[in-house]
Each structure stands twice: as C-alpha cells, then as structure tokens.
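Survey of secondary and tertiary structure
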Amino acid sequence: MGLSETLANYFDVHKHGSTVRTEILAGITTFLTMSYIVVVNPSLLTDQPYIEGVDGIAIAGYTPGEVQSMLAVVTILAAAIATTVMAFYANRPFAQAPGLGLNAFFAFTVVGALGVPWQTALAAVFVEGIIFIALTAAGAREAIIKVFPEPVKMAVGTGIGLFLAIIGLQAMGIVVDDTATLITMGDLASNPVAIVSIVGLFFTFALYAANVPGSIIIGIVGTSLLGWGLTVSGVVSSEASLVAGSSAATYDITPLAGAFISGFGNVEAFSFALIVITFFFVDFFDTAGTLVGVGQAGDFLDENGDLPDIDKPLMADAVGTTAGAMLGTSTVTTYIESATGVEEGGRTGLTALVVALLFLGSLAIVPLATAIPQYASHIALVVIGVVMLRNVVDVAWDDITVTIPAGMTILVMPFTYSIAYGIAAGIVSYPLVKVAAGEYDEVSAGQWGLAIAFFLYFVIRTSGMLQAQV
C-alpha cells in the first residue's frame, strides 16, 4: 500500500468525495492565503509606535529584529501544532494560527492601553486555552453561546475589522493623529512611506479581488521590494529609508517559551479575569463563526445549519491556544482563509495536514519576518479589516434594540483602541435597551450578570483614574 493510498484511507478522502491530489492542492491554497501571518504577527506584537512608552513584547538583551524572528518561529510552531490537531483529531480542512484581532487585542489593549506586562497577557491566554479545553470537553458550547447577546456576537467581527484597519492605516502613514479631530489624513505628498503603502495596498486589493492565491503575502513582499528599490536607487533619502531597520534573526525561542509562568506572579484578580473572559469571548465566537462559515462553503452543515461534531475543531483551537501561550504567542484561532482550500475541493484533515507541513517548511524563511518593514506588513490588517466589514449584514438593523448594542460594539472598538471596551459597551447597553422597549423576557440572568460585571469594572476603573488625578 503506497503513501497516497494510506493517506486516503486514514482521512477517508474518497468517502468525502475527494482525492489525495485535490486535498494537497487545497492545502497549498489555504497556506498561501494565510501565510502572511508569519510576517504580520511578529510585527504586530513587537511594534507599538502609537502608544508612548510601550514596546509590546520586548526582551532585555535582544534587538527588536531578534524578538520578531523568535515570534515568527513561535507563530509557525503554534499554527503547525493547532492545524495538526485539526487534521488528525477533527479530520476537517480547517487551518489555524495566531489570529488577527486577537493579537491586536493582546498588543494594543492588554499590553498597551491597560499596561499589563506581556508575560501576564500570555498567562491570560494560557488560562483562556485551559478553560476552552475544559468547556469544550464538557460540551458546554450551547450554554456559552446563549449568555452573550446576539447583537454583540453579530457585531464583533465588524468592530474588529475597523480596529485592524485603523491600526494598519496608521502604520502606513495614511492616517495620523490630530489635536482638533483626533485623526486625520496624513501628508501623503511628502511622505514616501504613505505613497508606497497606498500603491501596495491597492495592488494587494486587486490581487485579492482577482482571487490570486497568496495575494496578501504577494502584496506585502511586493511593497517591501518597492520600498527597497526606491531607497537603494536614491529616489528616497537615507533619512526616509523604506527598508526595515534590522534583518537579524534567531531561532532560539527560549526567552519566550514558558514566559507565561512568570506572568502569574503579579496578577490583579478582577482585571486578569476580565482579560481572560475577553480573550475567551472573542476567540470562541470568532472560531465558531468561522467554522460555520467555512463549513457552509464545503457543504458540511446539517439541516439545522450546524456543523456536526463542532466540538472537535473547537478542541483543536483550544489546544493550539494553550500551546501557543506556552511557546509565547497570542490566541490561536481558525482562519476564514480556510474557505479558499475548501473551494478548491479540500474536504478532510489531509488538507489541514498539508497546511501544517507547509508552516513547518516556512521555518526556512524566518529571516523574512525581520526584513519586512512595518508599513508593508500592516497592509494585511487593512485588507482583512475591510473584508471583515461584510459581517455587518448579519445585524438586524431594523430593530432598535439590536441596532444600539451592535452599533456601540462596532463604534467603541476603533474609537477607544480596545476590542474589550467595544464588547463591554454592547453587553452593558443590551439589557438596558431591551428593558426600555418592554422586552424584559429577552434578557437572561446571565446577560444581566455580564452587564453588571462590566458596569462595576468601569466604575472601579474610573474611580481609580479620578483618585489618581486628584
């Protein structure tokens, strides 16, 4: 029995109406569409030019370039572990990696706005992963889903999309801060970073719209090469260099692996719990929504619109998140880009196995992560952010009791630079507008509990700020 036949029998490839060749091509397609995360995740977790005094994940004795290469290795390993579990345990063609939005929450909200040490943030991700494993094993998915208001669940994706987009636009110099209007258009004519970024962004949009496999990574590399060419040719002065500052690389992840353990040493219980809950909430519903969406593309859903045995892919996500935290990266989640492989005919875990192997193979290009300038890597945030806006159609905007919590969720995220605050705004407003509309019976005890908890958190936090000012 040859390898091809062995794989076909193990993953029930023929039973699912596929072939080994189709599964391999589907895996290659999925990997190409999501491979940008190897470059983007390290950049997002280390570079924080918009929060004064905050450097993201920084390690004494190592340059930012070296830390980025460590994170690239960790990103690859976390993706490979989670996707391998998906392949063999769930036998589904879904790929996983540290998620955009979740890593933004980690870097900009938890480490940046809240000032939590990155080791403690990793500890929160680890705890979230363990909780996820326990609840998934207990089959508690339905109970959890019922606790969170439907409008908030439907709006989270759009809010995160706006949040990612504004981060990316700032890194590209297209949007800048302004004392009068808070944000405004940058001086594009005299800023070579903005000019190159705009060219690269629309080039990437064109590739994406044309369904070119690997369009985002092609756009990122193409933009970097354009910046390099303009700098080397002398078109751009050395002071305004468009080349990344460091290409140093290291495969030693020792300073990151296990760093979460020290994060438990200085934990404020309520704030830590809030961070864990938010990580869990965003990860849970992002993964569940992605699984259903990709499942629909592959005709995996049953007559009720549910994905059979969804607990297995959720378990793969939970294991990946826990392993990722132990290695030193933010929450792992299922990628919507998996739909590209499903559309190519991928139907089994063999597709996921191919993705996992390609991630491991990409260890050879880790130095690329430190050679990509931030303005180029953050093109991915804008592209994915725009794509995520389509989730807004799932909100019942004709119902004011839905519009208010959904709208608050979407608006507060980018305007406060915090995914957590956006979710909290939606959760607190939901029972209030339902009661005001006389729809008492549509608010559960759990939803009241969440709303009160978030309200008290903000009261305590605001009181602390006022006392500090006095």
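Residues numbered from 1 in each chain as written. Predicted model: local features only at pLDDT ≥ 70, side-chain atom pairs only at ≥ 80, totals over all residues. Heavy atoms only, no water.

The protein is annotated in an unreviewed UniProt entry as Uracil permease of Haloferax gibbonsii. Looking at the Sequence similarities (unreviewed entry) heading of the UniProt record, one finds this comment for the protein: "Belongs to the nucleobase:cation symporter-2 (NCS2) (TC 2.A.40) family. Azg-like subfamily." Per UniProt, the comment on the protein under Subcellular location (unreviewed entry) is "Cell membrane". (UniProt positions renumbered as here; feature names shortened; annotations may be inferred.)

Moving on to the packing of aromatic side chains. Inspection of every chain in the model, using the stated rule, returns 14 aromatic pairs. With 5.6 Å between their ring centres and 40° between their planes, F11 and F88 make a pair best called tilted. Taken together, the positions of F11 in the loop between α1 (3–10) and α2 (20–34) and F88 in helix α4 (residues 64–90) put the pair 77 residues apart, joining distant regions of the chain. On the basis of an interplanar angle of 85° and a centroid distance of 5.1 Å, the ring pair of F31 and F359 is categorised as edge-to-face. Note that F31 is positioned in helix α2 and F359 in helix α14 (residues 349–361), a separation of 328 residues in sequence. Comparing F31 with F359, the two get one shared label, buried. Counting every residue linked through ring pairs, the aromatic cluster contains F126, F260, F264 and F272. Just above the ring of F300 sits the side chain of R92; from NZ or CZ to the centre is 5.1 Å. (Phe/Tyr/Trp six-rings, centres within 6.5 Å; stacked < 30°, edge-to-face > 60°. Helix = DSSP H or I, 4+ residues; strand = E, 2+ residues; numbered from the N terminus. Buried < 20%, exposed > 50% of the residue type's maximum accessible area, 1.4 Å probe, protein only. Lys NZ or Arg CZ within 6 Å of the ring centre and 35° of its normal.)

Here we come to unusual backbone geometry. Of note, N211 is a non-glycine position whose phi angle comes to about 60°, a positive value. The class of N211 is exposed, set by a relative accessible area of 67%. In this model, D309 sits at a positive phi of 55°, which is unusual for a non-glycine residue.

Moving on, we get to the packing of helix α10 (residues 215–232) against helix α17 (residues 379–388). Between two packed helices, what matters for the description is the angle formed by their axes and the separation of those axes. In the contact formed by α10 and α17, the axes pass within 9 Å of each other and the chain directions differ by 145°. The hand of the α10/α17 crossing is right-handed. Note on element contacts: α17 touches α10 through I379, A380, V383 and I384, opposite I216, G219, I220 and T223. Tallied by class, the residues present in the contact of α10 with α17 amount to six nonpolar, two polar and no charged. (Axes fitted to C-alpha atoms, helices over the stretch in contact; angles between N-to-C directions. Left-handed = near helix turned anticlockwise from the far one by under 90°. Contact = heavy atoms within 4.5 Å. Nonpolar A, V, L, I, M, F, W, Y, C, P; charged D, E, K, R; others polar.)

Enumeration over the complete set of coordinates arrives at two salt bridges. A salt bridge links K434 to E439; its shortest N-O distance comes to 2.8 Å. Judged by its relative accessible area of 23%, E439 is partly exposed. For the salt bridge of E442 with K434, the shortest nitrogen-to-oxygen distance reads 2.7 Å. Looking at K434, the relative accessible area reads 3%, which means it is buried. Overlapping salt bridges, with partners in common, bring together K434, E439 and E442 in one network. (Salt bridge = Lys/Arg side-chain N within 4 Å of Asp/Glu carboxyl O.)

What follows is about the pairing of strand β3 (residues 182–185). Direction of pairing for strand β2 (residues 175–178) relative to β3: antiparallel, over a ladder of four bridges. Paired with D177 across the strands is I183, a residue of β3. Connecting β2 to the next strand, β3, in antiparallel fashion are three residues. (Pairing = 2+ DSSP bridges.)

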